[in-house]
Amino acid sequence: NYQVQYDYYKAGNSKVANNHASTTSAVWWWLRSPYFNSNNLFCGVSNYGNFNLYNAYYSAGVRPGFAV
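Residues numbered from 1 in each chain as written. Predicted model: local features only at pLDDT ≥ 70, side-chain atom pairs only at ≥ 80, totals over all residues. Heavy atoms only, no water.

**A closer look at the overall build of the protein chain**
The helix and strand tally for the protein chain stands at one helix and six strands. The order of α-helices and β-strands along the protein chain, N terminus first, is α-β-β-β-β-β-β. When the 68 residues of the protein chain are sorted by exposure, 15% land in the buried category. In the form shown here, the protein chain has an accessible surface area of approximately 5600 Å², with 52% of it arising from carbon and sulfur atoms. (Helix = DSSP H or I, 4+ residues; strand = E, 2+ residues; numbered from the N terminus. Buried < 20%, exposed > 50% of the residue type's maximum accessible area, 1.4 Å probe, protein only. Areas by Shrake-Rupley, 256 points an atom, 1.4 Å probe, with all protein chains shown as cover.)

Structure (structure tokens):
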């Protein structure tokens, strides 16, 4: 078991996700990991593309990753 960074992000592409109903409106999204030092915080990416922590009770989208 190991984790690697997707080539898409490693290449410096944008981490900003757009709202499915409005491509000019950025939204935050979950990462795949909980925060290591908390029982209710999870890692996410803000609507500006920066790392952030969010409470587990929030609802948000995820960005899918595929290995082909």
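There's plenty left to go through after this.
**Brief notes about the packing of aromatic side chains**
Taken as a whole and assessed by the stated rule, the structure comprises nine aromatic pairs. Judged by centre distance (4.9 Å) and plane angle (80°), the rings of Trp28 and Trp30 are edge-to-face. Look at Trp28 and you get partly exposed, because its relative accessible area is 22%. With relative accessibility at 14%, the residue Trp30 sits in the buried group. Taking the centre distance of 6.1 Å and the plane angle of 80° together, the rings of Trp30 and Phe42 count as edge-to-face. In this pair, Trp30 sits in strand E3 (residues 29-34) while Phe42 sits in strand E4 (residues 41-45), placing the two residues twelve residues apart along the sequence. These aromatic residues form a ring-pair network of at least three members: Trp28, Trp30, Phe42, Tyr54, Tyr57 and Tyr58. (Phe/Tyr/Trp six-rings, centres within 6.5 Å; stacked < 30°, edge-to-face > 60°.)

**Considerations on the pairing of strand E2 (residues 22-27)**
Pairing geometry for strand E1 (residues 17-19) and E2, over three bridges, is antiparallel. When the bridges of E2 are listed, Ala17 appears paired with Val27. Connecting E1 to the antiparallel partner E2 that follows it, the hairpin turn spans two residues. (Pairing = 2+ DSSP bridges.)

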